[in-house]
Amino acid sequence: MAGCGLLGVIATTLVVCMVVSPCVATVYTVGDSSGWAIGVDYSIWATDKTFNVGDTLVFNYGGEDTVDEVNGSDYKTCRVGEAITTDSSGSTSIELKTPGTHYFISAVTGHCESGMKLALYVDPGTTTNTSTTPSSESSYITRAIYNSIFSGGLMGVQ
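Residues numbered from 1 in each chain as written. Predicted model: local features only at pLDDT ≥ 70, side-chain atom pairs only at ≥ 80, totals over all residues. Heavy atoms only, no water.

Novice: Any chance you could break down the nonpolar core for me, citing the residues and the numbers?
Specialist: Counting residues in hydrophobic clusters, the biggest one holds 20 residues, and the most contacted among them are W36, F51, L57, F59, F104 and L118. Contributions of two or more residues to this core are made by α2 (42–47), β2 (51–53), β3 (56–60) and β8 (117–127). Formed by five residues, the second largest nonpolar core is a distinct cluster that contains V70, Y75, C78 and C112. (Core = buried A, V, L, I, M, F, W, Y, C linked by side-chain atoms within 4.5 Å. Buried < 20%, exposed > 50% of the residue type's maximum accessible area, 1.4 Å probe, protein only. Helix = DSSP H or I, 4+ residues; strand = E, 2+ residues; numbered from the N terminus.)

Novice: Explain the environment of V53 to me, using residue names and the numbers behind them.
Specialist: On the secondary structure map, V53 appears in strand β2. When the C-alpha positions of V53 and T98 are compared, they lie 5.9 Å apart, and in sequence the two are 45 residues distant.

Novice: Describe unusual backbone geometry, naming the residues involved and giving the relevant values.
Specialist: Positive phi, close to 50°, is recorded for D32, a residue that is not glycine. Structurally, D32 can be placed in the loop between β1 (27–29) and α2. Look at C78: it is not a glycine, yet its phi comes out positive at around 60°. If you trace the backbone, C78 turns up in the loop between α3 (72–77) and β5 (85–87). Looking at C78, the relative accessible area reads 11%, which means it is buried.

Novice: Break down the state of the cysteines for me, citing the residues and quoting the values.
Specialist: Under the counting rule described, the total for this entry stands at one disulfide. Between the sulfur atoms of C78 and its disulfide partner C112 the distance amounts to 2.1 Å. For the disulfide bridge between C78 and C112, the dihedral angle about the S-S bond is near -70°, and by the sign convention the bridge is left-handed. Highlighted residues: C78 in the loop between α3 and β5 and C112 in the loop between β7 (100–105) and β8, separated in sequence by 34 residues. With respect to burial, C78 and C112 carry one shared label: buried. (Disulfide = S-S within 2.5 Å.)

Novice: Please set out the pattern of salt bridges residue by residue, giving values where relevant.
Specialist: In this structure the tally under the stated criterion is three salt bridges. Here K49 ties to D48 by a salt bridge, and the two come within 3.1 Å at their closest N and O atoms. Accessibility expressed as a relative area gives 19% for K49, which makes it buried. Given the relative accessible area of 66%, D48 is considered exposed. Here D74 makes a salt bridge to R79, at a shortest N to O gap of 2.7 Å. You can call D74 buried: its relative accessible area is 1%. Among the charged side chains, a network of salt bridges with common partners joins D74, R79 and E82. (Salt bridge = Lys/Arg side-chain N within 4 Å of Asp/Glu carboxyl O.)

Novice: Give a description of the packing of aromatic side chains that names residues and reports values.
Specialist: In total, this model carries seven aromatic pairs according to the counting rule given. Ring geometry for W36 and F59: centres 5.0 Å apart, planes at 85°, overall edge-to-face. Here W36, found in the loop between β1 and α2, pairs with F59, found in strand β3; they are 23 residues apart in sequence, far enough to count as distant. Both residues of the pair, W36 and F59, belong to the buried class. Seen in terms of ring centroids, Y75 and Y103 are 5.1 Å apart; in terms of plane orientation they differ by 45°. Their pairing is tilted. (Phe/Tyr/Trp six-rings, centres within 6.5 Å; stacked < 30°, edge-to-face > 60°.)

Purely spatial values, then, with no claim about function.
Right, here's the structure in full:
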């Protein structure tokens, strides 16, 4: 009989985890296997993707390049020098923390003008819960499971 109670606890825990779990963020490799390079049409690459707050972009490129996050005006004109952020490590990871349009360019002379730029929209409606503190709903459910188990409800103890 105790085995059935334990099975019930496990099943209940699994169901709660599936219901209460936060959305999982997606990691996108910009340009897929082509990476961050001249000759890739990043507008086509981004077309079939939905970017959400909490997702991460990974830019892979040779050591002689950069990833600059810029404003819309600098994106359109490929103007460098006033980037919001910049990195030239060869592998740049950027977490999308805010909704709205984000713009990225290469600051190497001629690269942006040759198409090495990416504009993407981050959906404000779908956010990822990155908090390490359980929500009040998940705490309530956890307490309910705990009380059910230890008050005898699932363990078969009356």
